[in-house]
Amino acid sequence: MITKPKGTYDLYGEDTKIYDYVLDTFRGECSLNNYELIKTPIFESSTLFHRGIGETTDIVTKETYDFKDKGGRDLTLRPEGTAGVVRCLIENKLYANTNNYLKYYYYGPMFRYERPQSGRFREFNQFGVEVFGKMNPYIDAEVINLGVKYFLALGIENVKIKINNLGSKSDREKYREALIGYLKPHIDELCEDCKVRLEKNPLRVLDCKVDSDKEFFKNVPKIEDYLCDESKDYFNELLDNLNALEIEYEVDNSLVRGLDYYDYAVFEFVTDDEKLKGASTICGGGRYNDLVSTLGGPDLGGVGFAIGYERLAEIVKTLGLVKTSDPVDVYVVPVTENELSDAFIIGCMLKDAGYKTEIDYRDTSIKNKLSHANKLDVTYIVIVGEEELKHYEVKLKDAVTKEEKLVKINDLVDELNINF
Ligand code: HAM
């Protein structure tokens, strides 16, 4: 038997109802905020992700699916959506004819070669938004608010926001030096990964799960002490906006995120419902003012987030937030094979009239067909029999009360309209 690749999954049956619910609600929230759908390729040139996400990030060094196509081009399955959206913005000059903010949403599969575990896959889905334009703390608050309202619309209440200020590029340069200066004398105490990170990407040492509990970590320099006034003002304004919207958050100085393009605000949404098995990050995002110019575009800021679908789906399932049954309005049953052609036409007529209809095509007894209909979540059963057809009639049976009556085929839709 050929099986699915490690870290992937099939989506079928009741789980597809969760996917539709989560996606439809996301679309609704994005449309309310006037965000436009954007779709970019699932594979892009490898350079885009190396340059966009950062050569030294875990994603680029360990997790990308890289391949050469038959023309010898270096390509990568997208590990996230932001870099592709920015590439599309630049390549199509989407910024050319507008002075206003450009607001997009997207959804689709992403690929990371990670160790598969609960809620984490090698092929997974993200729902994301990206907004482009001049840095503005109202826009950042709008983006965070969209996320907050989305989770509420799904019915998930216990979502906490962690937020941090990474400051400007020059703030981070100063902080980077201070961090290296502080951590170098402790290099032997760092885990193997952080020894490398210290040279290449010292900020990543901050959110290391292994090292952060060690004694020397207590006095590690804090980013807030290296921020210039402009960075502080911007962040305070953003927090004021969140306060005005009554959005609760926790400022977390250790939050740095795993992608290099961020500056100023970074944030994560963490679920912490008692019914769920512990906290998990379901959404991550932040501002990235240099990414567009780094990838060859104009000096245009960006801010956005991405929600991981798989963990969200588990939460929606555990909390029972979506009705997974999908009732059929009418089940059409021919009594014998001889009535199948009439049943087929009647069934198609009901679909044309807007009723969700299933026709029983099987060559089996009427008893079997009716007992099958009774097991399904059906509202009405239409029984098409030889005698009734002689008078252009069918039997309409209420699947719940079991009442039945004869109805002229021409009156069937009107009769259903009265009852639905
Ligand atoms: P990220 O934090 O790498 O950010 O991913 C966002 C979310 O995707 C995570 O919080 C998590 O829920 C989900 N996720 C990541 N990896 C996996 C996986 N292997 N399996 C299942 N879910 C996963 C980004 O990707 C940024 N592009 C977000 C962003 C948009 N920042 C600005 N704009």
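It should be emphasised that the depicted structure is a prediction, and the values quoted were computed from it without experimental measurement.

(A) The arrangement of helix H11 (residues 340-352) in detail. Under the 1.5 Å per step criterion, the end-to-end length of H11 is 18 Å for 13 residues, consistent within 8% with the ideal 18 Å. Leu 340, Ala 343, Ile 346, Gly 347 and Leu 350 are the residues of H11 that are buried. Burial along H11 is one-sided: seen end-on, the buried residues are contained in an arc of 125°. In H11, the exposed positions that point more than 90 degrees away from the buried face belong to Ile 345 and Asp 352. In this structure, the buried side of H11 is in contact with strand S12 (328-334), strand S13 (357-359), strand S14 (378-384), strand S15 (393-398) and helix H14 (412-419). One or two positions beyond H11, positive phi appears at Gly 354, with a value near 100°.

(B) Summary view of the packing of aromatic side chains. As enumerated under the stated definition, the model contains 24 aromatic pairs in all. Where Tyr 19 meets Tyr 309, the ring centres are 5.0 Å apart and the plane angle is 75°; that geometry is what we call edge-to-face. Of this pair, Tyr 19 sits in helix H1 (residues 14-32) while Tyr 309 sits in helix H10 (residues 309-318); the two residues are 290 residues apart in sequence, bridging distant segments of the chain. Between Tyr 107 and Phe 127, the ring centres sit 6.4 Å apart and the planes meet at 85°, which makes this aromatic pair edge-to-face. Within this pair, whereas Tyr 107 is found in strand S5 (residues 102-111), its partner Phe 127 is found in strand S6 (residues 123-133), the two being separated by 20 residues in sequence. With a relative accessible area of 15%, Tyr 107 lands in the buried category. The class for Phe 127 is buried, based on a relative accessible area of 0%.

(C) Quick look at the pattern of salt bridges. Within this structure, the stated rule accounts for 26 salt bridges. Where Glu 415 meets Lys 405, a salt bridge forms, and the shortest distance between an N and an O atom there is 2.5 Å. One end of the pair, Glu 415, is in helix H14; the other, Lys 405, is in strand S16 (residues 404-408), and 10 residues separate them in sequence. According to the relative accessible area criterion, Glu 415 is buried, its value standing at 16%. You can call Lys 405 partly exposed: its relative accessible area is 42%.

(D) Representation of helix H8 (residues 229-244) within the structure. The end-to-end C-alpha distance of H8 is 22 Å, a good match for the 22 Å that 16 residues give at a rise of 1.5 Å each. Every buried residue belonging to H8 is among Ser 231, Tyr 234, Phe 235, Leu 238, Leu 239, Asn 241 and Leu 242, and all of these are buried. End-on view of H8: buried residues confined to an arc of 155°, all on one side of the axis. Opposite the buried face of H8, at more than 90 degrees from it, the exposed residues are Asp 229 and Ala 244. In this fold, the buried residues of H8 make contact with helix H5 (137-154), strand S7 (159-165), helix H6 (169-183), strand S8 (250-251), strand S9 (263-271) and strand S10 (280-287).

(E) Layout of the site of the ligand. Residues in close proximity to the ligand total 27 residues, the closest being Glu 80, Glu 114, Phe 121, Glu 130 and Tyr 262. For the ligand, an oxygen atom lies 3.1 Å from a polar atom in the side chain of Gln 126. At a separation of 3.5 Å, a nitrogen atom of the ligand approaches a polar backbone atom of Gly 304. Bound to the protein, the ligand loses 96% of the 660 Å² it would expose on its own. Going through the elements one at a time, S6, S10 and strand S11 (301-308) are the ones with two or more residues in the shell around the ligand. For the shell around the ligand, the element with the highest residue contribution is S10, accounting for six residues. Taken together, the residues of the shell around the ligand break down into 11 nonpolar, nine polar and seven charged.

(F) Highlighting the nonpolar core. Core analysis: the largest hydrophobic core is formed by 48 residues, its most contacted members being Val 86 and Phe 132. With six residues, the single largest contributor to this core is helix H4 (residues 82-91). Apart from the residues lying within four places of it in its own chain, the contact partners of Val 86 are Phe 132, Tyr 288, Leu 291, Val 292 and Leu 295. Among the nonpolar cores identified, the runner-up in size contains 47 residues, and Val 143, Val 148, Phe 235 and Val 316 belong to it.

(G) Quick look at the packing of H1 against H5. Between H1 and H5, whose axes approach to 10 Å, the crossing angle comes to 140°. Relative to H5, the element H1 lies oblique. When the axes of H1 and H5 are compared, the crossing they make is right-handed. Here Tyr 21, Val 22, Thr 25, Phe 26, Glu 29 and Cys 30 of H1 lie close against H5, whose contacting residues are Leu 146, Lys 149, Tyr 150, Ala 153 and Leu 154. Within the contact of H1 with H5, the residues separate by chemical class into eight nonpolar, one polar and two charged.

(H) Spatial organisation of the sheet that holds strand S2 (residues 43-45). The antiparallel open sheet is built from three strands, whose spatial order is S2-S4-S3. Taken across any chain shown, the strands that pair with only one partner, and hence form the sheet edges, are S2 and strand S3 (65-68). Taking each pair of neighbouring strands and ignoring which way they run, the sheet shows an average axis angle of 35°. As paired strands, S3 and strand S4 (residues 74-77) are joined by four bridges and run antiparallel to one another. Bridge pairing in S4 places Asp 66 opposite Thr 76. Relative to S2, helix H2 (residues 46-53) is tilted by about 80°, and along the sheet it contacts S2, S3 and S4.

(I) Fine view of the packing of H11 against H14. Where H11 contacts H14, the two axes come as close as 10 Å, and the packing angle between them is 45°. In terms of orientation, H11 and H14 fall into the oblique class. Considering how the two elements wind past one another, H11 and H14 form a crossing that is right-handed. Along its contact with H11, which presents Ile 346, Met 349 and Leu 350, the element H14 presents Leu 412, Val 413 and Leu 416. Grouping the constituent residues of the contact of H11 with H14 by class yields six nonpolar, no polar and no charged.

Conventions used here
- Residues numbered from 1 in each chain as written.
- Predicted model: local features only at pLDDT ≥ 70, side-chain atom pairs only at ≥ 80, totals over all residues.
- Heavy atoms only, no water.
- Helix = DSSP H or I, 4+ residues; strand = E, 2+ residues; numbered from the N terminus.
- Expected span 1.5 Å × (residues − 1).
- Buried < 20%, exposed > 50% of the residue type's maximum accessible area, 1.4 Å probe, protein only.
- Arc of directions from axis to C-beta.
- Contact = heavy atoms within 4.5 Å.
- Phe/Tyr/Trp six-rings, centres within 6.5 Å; stacked < 30°, edge-to-face > 60°.
- Salt bridge = Lys/Arg side-chain N within 4 Å of Asp/Glu carboxyl O.
- Near = heavy atom within 4 Å.
- Polar contact = N/O pair within 3.5 Å; in protein donor to acceptor, adjacent residues only side chain to side chain.
- Areas by Shrake-Rupley, 256 points an atom, 1.4 Å probe, with all protein chains shown as cover.
- Nonpolar A, V, L, I, M, F, W, Y, C, P; charged D, E, K, R; others polar.
- Core = buried A, V, L, I, M, F, W, Y, C linked by side-chain atoms within 4.5 Å.
- Axes fitted to C-alpha atoms, helices over the stretch in contact; angles between N-to-C directions.
- Parallel < 35°, antiparallel > 145°, perpendicular 65-115°, else oblique.
- Left-handed = near helix turned anticlockwise from the far one by under 90°.
- Pairing = 2+ DSSP bridges.

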